[in-house]
Amino acid sequence: MNILGLSAFFHESACCLLRDGRLVAAAEEERFSRVKHDPRLPVSAFRWCLEAGRIGILDLDAVAYYESPAEKLSRQLWAGLPEGAPRDRGAPERAIREGLGWDGPIRFYRHHLSHAASAFLFSGVPEAAILTVDGVGEWATTTYGVGRGTAVEIFEEVRFPHSLGLLYATLTSYLGFEVNDGEYKVMGLAPYGEPRHVDRIRKLVSTGPGGQYRLDIQYFDFVRGRRMFSDALVDLFGQPPRQREAEITPFHEDVARSLQVVLEEILLEKVRWLHERTGARDLCMAGGVALNVVANGRILREGPFERLFVQPAAGDSGACLGAAALAHAELTGERPEPLRHAYLGPRWTADEVAGLLAATGLPVLDFRSREAELLETVVDRLVQGAVVGWFHGAMEFGPRALGARSLLADPRNPEMRDRLNRLVKKREAFRPFAPSVLDGHAADHFDLDHPSPFMLETCRVTSPLDLPAVTHVDGSARPQTVDPETAPRYAALLEAFRRRTGCPVLVNTSFNVRGEPIVRSPVDALLCLGTSGIDALVLEDFVIDRAMLPAHWSELIPVWIERQRSPFARGLSAISEDLYTFV
Amino acid sequence: MSRPPEPISIWQPREVDGERVFVRPDPNPLGDHYATTKILAPKKSELPLRVCFFGESVAAGYLYAPRLTPARVLEAQLRAIGGESNFEVIDLARTNERLPTLVETVRTSLQINPDVLVLFVGNNWNLLETPEVSPYAPSLEARRRYALALREKGIQGPVRLAGERLREAAGEALDSIALIAGAVQIPVVLVVPEVNLADWETRQPPVRLRGDGVARWHSLYREAGDRLGRGDFDGALAAAWEMVELDEGTCSSSWRLLARAWRRLGNLEEAQRAARAEVDAASSATLCFLSAPQATTEAKEILREAARRHGFIRVDLPEVFASPLPDRRLFLDYCHLTTEGIHLAMAAVAAEVLSLSGMLEEEVDLCGLLPRLPPPEITPEAEATARLGAALHSAHRLLPVGPKAPILEHWCEAALDASPGIAEAMLDLIAARSAPCPAVLTAAQQRNLSSPYRLTFQHGWRWDHLDADMIEAIVAVLERRGRPVREEVARGLVEHHGLREAGTDLADPFYLWEPLERFFPEVMSFEDLPRRGTLRSPWPEMSFCLICDGTEDVGLEPTVRLPAPGKVRVAVNGTGAGAFEAGGAWTRTSFRISRGLLRPGLNRLTLFWPAPPAAGEEPLRPVLDRLETGIAADLHPVFGEVFSLRARPLRITGC
């Protein structure tokens, strides 16, 4: 039984292939098209999923789509579509049939049901409460449910326009960051501020009975406007909205902090209610807001549930997993296998990489069949303060780099955060970098008593070592625990680093530069090496030091990349970064 | 109060040593669209007379620039006759010029006090100025407008709509330029472009036709080609006329076959008429998004009319070239000029500018002037690089009704004739194309960067497909010249792109033999429109690159579907390899290709589709139905659709 899950036409389109209940492939389209958050039909991801499964289109049994187009259109019509936008509920199905060539059955599942299923059905727990929170699906913006066996039941929902996701997105926009992309930045900014504007945020959103809450819609303009917030919100805060790239002041930090505080308060309140309602010991979460790792940490520490499972691609891209799982459960009566890791994307063999490197003519270091020496060579560079691009195995599914497409560095180096920002990431200085820690050593360095393989919660740093590069201003970190079973080479690298330094922790940030999706292929990694300040690149069994690069790379590659970009990538599409696009 | 200075094109206003000048950003290391002049400054004295030169890629010297440009040739010609210090030409031409920016550049150029304006435009207008007249236009409103035109006037409706919109846009732009020039009382020289009518051909399919019209049209296409090959030119003419009747003159291929037949019959006047009709049909946005050339009859008439209306001095290249079928002597490709073409065109412009300035004797005409003009200064290396660029451009954009190899080999030979050293650049090009990564990462590009034959984006260096025709042309030419490269090239291809044990999907666009087929709306993906993950063939055949070492049989597993069940024939390197049945739903078949049909390296694998089923009396009805609800629609029938075409080596096991 081969089921293809599909998320598309909003943002972060993606595909997955579920074969006999086992997830064999999953990838976001942006990694192929190099258009960040690419919302278009994931043609490349689709074809790659089939190739990874070594099947053709005739071997598929069903396509499962992560939304109900008719219900979504009814909400869009209610909200008023932008002029010229199609009013066509058949568009997604037509695109799947014509674009992918699929003429078999298509199963449509509601957006939040897909989110819920993506968390619960892959969690491995027999029963759990389920919370999904995002901007909006069809009408629902937050849902509460319970999962038992193969069944996922949603018993309450908050409906558009009342939405915690849109609340967060609105303040993200007000603070001068891109909607659907800058929410992480607001979360990272929050610890720098004080909760001075909590009362104002509480004017924007008020909690209600059960799972309900409401936005005071006078402060928002996203329903029919061309921006997220109204003038009333600007008046409420008494400051004009921050312009993109303008200076960040204490006011902006305080607003971010206040927003985060109120979000956490509401989520904790609703989680407690959900626990009372279900009596479950486990909580499963998905939806874009479930990527708010600070809130997740508090939910786990202060909430009533014993365990928390957050699906690693908790945003819209990962909803394709849920749609596929629901179809699988309906068609077979069985539950899919638990998700043990997120390494579900494309991979390259060392020989394929060798062929590519031969064409480049680079004088690379070849460590084929010499893994221990490779790791020692990488450790040499890390302890010397190098930023190392680490490319190994199958690409991660979801927004986090987990040691397959990562930039690594020494977390003890007090200059590393600035160096990474300056030379490679070129991102806002206030944003923290996350650590990877070897399983079994996590508790020695972090207030963490359970595995955190997907880097989806924060906790206090308790390490006897000074780890300035991964410790946020409030003393927290967002660790990934690395299991030698699922990431053997990455775990071996951490162990080699520990042996040399006594520190089983590395800085692990995603392998990309600002504005680009995470690298997918060895070619992407080389292009990234050529346009950034990465000191060394590990491509499977090969090491390339910056000094080995030809002089013309730094001059020509940026030009090349710019020319390669499609008009879509260059922002010539109708999609605005200032509005949560409903089209 | 004087107006603040404004940028002139990309030249930004700056204060340098107390003087207001306009400074160009550093050129892109792989070439960009603009002249390389670093600083433009206002005139300080009466002389030299300043000519500002505007236009599109043809005017910018595409494939020669920056080493040779029409502006520089014009300047040398003016100085040769009018005196070294009496003329200067400021080059403000740019590739991909559009009408609104042209007007803006003309207006802002007044800040540097031109004495004469020369406009060499009209080569891009269909593609760049009326892209919304298309069934694939991103805007729903544009699709509906297209549908309305189609409903009212049939297939000619959108053609007329595009014409009207172009007349409006171009007329307005030229009126604005007349006002700008009139305000400062400087003359305007307008160059009416010419195109390559002899060598450039545009093979396009007809739109959906009534009844069995499509099958009939393609049958006639084959018949006309066969008759041309057999020397039966009258028969070819008759078949081609029948095609024109079927497609109502909207298909470029029919006109090209007519032009070929008339030419062979020695009637060059009729041949020219047909070739011009081909250009007009091909550039219609009705049929194809990307077509060449675009200097249509309509575009030229708009220019001539503007010259009459505003008193512009007209340099009419069709008259200057005085050839019924201008060819590769004057053109590198469809519209970009050779050194000789540039020399001749600029000589005609120079004659007018010199006359305007009173520096040319009244009795001297162009023929009299030409011998007195210096030949364009160009190094053999630059000439060779431009000619290799011509081969590349043709490889990527030419879809002839006959074989493509002769024209590619001609330009490769011409490049080697100009400078034999370019053979190394050719081999670097093949190495870059064979590499499993973009050329920019390859050692081959690194070598090319430091060679005198430096290839840029203009030369197609960035192409991300296999470039099979180009590779074959280079190999053929070098082998003919006694350089045995075939085996080495085959080895390089097999090393990086040889069939994988698990199978290689030849439906990956990288392996499409004819890259231009991607420009057919059915095959290519459009930005902002639903994307396609399948290949849909608008032509009765579709070819793929199969790369192997030729020592083993190859297992082929096509997954295809047809408009109606039928038989798909397979050929390898032009030899029949069998056939398989396919249906209206996806059909997967296993197929064995004998190693006897294969050779080491590149092999051309072709699928021949059966004729599509007959359409009804309203073949465009489904198109209208979609367009009127705002959904993009294909005007062309699809012969066959490929989901995947997996090929893998079949190991011989046992006895």
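Let's talk about the overall build of chain A
So, step 1. Of regular secondary structure, chain A possesses 19 helices and 22 strands.
So, step 2. Compactness check: chain A gives a C-alpha radius of gyration of 23 Å against a globular reference of 25 Å for 583 residues, within 12% of the reference.
So, step 3. Looking at chain A as a whole, 65% of its 583 residues are labelled buried.
So, step 4. Considering only contacts within chain A whose residues lie at least 6 apart along the sequence, 72% involve residues at least 24 apart.
So, step 5. Here chain A contributes 65 positive and 78 negative side-chain charges, whose respective centroids are spaced 2 Å apart.

A short note on the pattern of salt bridges
So, step 1. Considering all chains together, one arrives at 94 salt bridges over all chains under this definition.
So, step 2. For R94(A), the salt bridge is made with D88(A), and the minimal N-O distance between the two is 2.4 Å.
So, step 3. Among the residues examined, R94(A) registers a relative accessible area of 23% and is labelled partly exposed.
So, step 4. Note that E19(B) is salt-bridged to K44(B), the shortest N-O span being 3.0 Å. With E19(B) in strand β2 (residues 19-23) and K44(B) in the loop between β3 (39-40) and β4 (49-55), this residue pair connects regions lying 25 residues apart in the sequence.
So, step 5. Its relative accessible area of 26% is what places E19(B) among the partly exposed residues.
So, step 6. Salt bridges sharing partners connect three or more residues here, namely E376(A), D380(A), E495(A), R498(A), R499(A) and R500(A).

With respect to the sheet that holds strand β7 (residues 140-148) of chain A
Residue and element names in this part refer to chain A.
So, step 1. Pairing in this open sheet of 5 strands is mixed, and the strands run β8-β7-β6-β11-β12 from one edge to the other. Unpaired on one side and paired on the other, β8 (151-159) and β12 (307-310) mark the two borders of the sheet. Between one strand axis and the next, the sheet turns by 20 degrees as a mean value, whatever way the strands run.
So, step 2. Across 4 bridges, the pairing between strand β6 (residues 127-133) and strand β11 (residues 282-286) is parallel. The partner of I130 across the bridge, within β11, is C284.

Details of the environment of D428(B)
All names here are of chain B.
So, step 1. With respect to the helices and strands, D428 occurs in helix α17 (residues 422-434).
So, step 2. Between the C-alpha atoms of D428 and G211, which are 217 residues apart in sequence, the distance is 51 Å.
So, step 3. Leaving out residues up to four positions away in the same chain, D428 has contacts with A444, R447, N448 and W461.

Here we look at the side chain of D181(A)
Residues and elements named next belong to chain A.
So, step 1. Of note, D181 is situated in the loop between α6 (164-174) and α7 (183-189).
So, step 2. For D181, a relative accessible area of 14% puts it in the buried group.
So, step 3. With sequence-adjacent residues up to four places away left out, D181 is seen in contact with K36 and H37.

Structural notes on the interface of chain B and chain A
So, step 1. Opposite the 45 residues of chain B that make contact, chain A presents 51 residues.
So, step 2. Roughly 3900 Å² is buried in total at the junction of chain B and chain A, and carbon and sulfur atoms are behind 59% of that figure.
So, step 3. Contact with chain A buries area across many residues of chain B, yet V440(B), L441(B) and R531(B) alone supply 20% of it, more than any other trio.
So, step 4. Counting every contact that joins chain B to chain A gives 5 salt bridges.
So, step 5. Counting every contact that joins chain B to chain A gives 11 residue pairs in polar contact (both at pLDDT 80 or more).
So, step 6. Elements with a minimum of two residues in the side of chain B that touches chain A: α18 (443-449), β12 (553-561), β15 (587-588) and β18 (640-650) of chain B.

A few points about the packing of aromatic side chains
All names here are of chain A.
So, step 1. Tallied over the full model, the rule gives 28 aromatic pairs over all chains.
So, step 2. Note on Y174 and F229: the rings are 5.6 Å apart at their centroids and 85 degrees apart in plane angle, and the pair reads as edge-to-face. Remark: F229 occurs in the loop between β10 (213-215) and α9 (231-237) and Y174 occurs in helix α6; sequence separation between them is 55 residues. In this structure, Y174 and F229 share a single accessibility class: buried.

Thoughts on helix α10 (residues 250-278) of chain A
All names here are of chain A.
So, step 1. In a regular helix each residue adds 1.5 Å, so 29 residues correspond to 42 Å; α10 covers 41 Å between its end C-alpha atoms and thus fits that length.
So, step 2. Of all 29 residues making up α10, 21 are buried, and the element is well covered by its neighbours.
So, step 3. G279 sits one or two positions beyond α10 and adopts a positive phi of about 70 degrees.

Describing the confidence of the model for chain B
So, step 1. Scored by pLDDT, chain B comes out at a mean of 92, with 95% of its residues at no less than 70.
So, step 2. Both scores are available for the predicted complex, with the pTM at 0.93 and the ipTM at 0.91.

Describing helix α2 (residues 43-52) of chain A
So, step 1. Most of α2(A) is tucked away: 7 of the 10 residues are buried.
So, step 2. Along α2(A), the residues classified as buried are V43(A), A45(A), F46(A), R47(A), W48(A), C49(A) and L50(A).

Notes on the side chain of S57(B)
So, step 1. Looking at the element boundaries, S57(B) is found in helix α1 (residues 57-60).
So, step 2. Once residues lying within four places of it in the same chain are set aside, the contact partners of S57(B) are Y62(B), R94(B), T95(B), N96(B) and H336(B).

A word on the packing of helix α16 (residues 405-418) of chain B against helix α19 (residues 468-480) of chain B
Residue and element names in this part refer to chain B.
So, step 1. For the pair α16 and α19, interaxial distance at closest approach is 9 Å and the crossing angle is 50 degrees. Considering the angle they form, α16 stands oblique to α19. Considering how the two elements wind past one another, α16 and α19 form a crossing that is right-handed. Judged by residue contacts, L408, E409, C412, E413 and L416 of α16 engage D469, M470, A473, I474, A476, V477, L478 and R480 from α19.
So, step 2. Partitioned by chemical class, the residues of the contact of α16 with α19 number 9 nonpolar, no polar and 4 charged.

Side note on the sheet that holds strand β21 (residues 536-539) of chain A
All names here are of chain A.
So, step 1. Here we have 8 strands laid out as an open sheet, ordered β13-β22-β21-β14-β15-β20-β16-β19, and mixed in their pairing. Single-partner strands in this sheet number two, and they are β13 (365-366) and β19 (480-482).
So, step 2. Sheet topology note: the β21/strand β22 (residues 542-545) ladder contains 4 bridges and is antiparallel. In the sheet register, L537 faces β22, and the bridge partner there is I544.
So, step 3. Across the face of the sheet, helix α18 (residues 522-531) comes into contact with β14 (388-391), β21 and β22 while running at roughly 175 degrees to β21.

Definitions and limits used
Residues numbered from 1 in each chain as written. Chains lettered and ligands numbered in written order. Predicted model: local features only at pLDDT ≥ 70, side-chain atom pairs only at ≥ 80, totals over all residues. Heavy atoms only, no water. Helix = DSSP H or I, 4+ residues; strand = E, 2+ residues; numbered from the N terminus. Rg over C-alpha atoms; globule rule 2.2 N^0.38 Å. Buried < 20%, exposed > 50% of the residue type's maximum accessible area, 1.4 Å probe, protein only. Contact = heavy atoms within 4.5 Å. Lys, Arg positive; Asp, Glu negative; His and termini not counted. Charge placed at Lys NZ, Arg CZ, Asp CG, Glu CD. Salt bridge = Lys/Arg side-chain N within 4 Å of Asp/Glu carboxyl O. Pairing = 2+ DSSP bridges. Axes fitted to C-alpha atoms, helices over the stretch in contact; angles between N-to-C directions. Buried area = accessible area lost by both parts, 1.4 Å probe. Polar contact = N/O pair within 3.5 Å; in protein donor to acceptor, adjacent residues only side chain to side chain. Phe/Tyr/Trp six-rings, centres within 6.5 Å; stacked < 30°, edge-to-face > 60°. Expected span 1.5 Å × (residues − 1). pLDDT = per-residue confidence, 0-100. Parallel < 35°, antiparallel > 145°, perpendicular 65-115°, else oblique. Left-handed = near helix turned anticlockwise from the far one by under 90°. Nonpolar A, V, L, I, M, F, W, Y, C, P; charged D, E, K, R; others polar.

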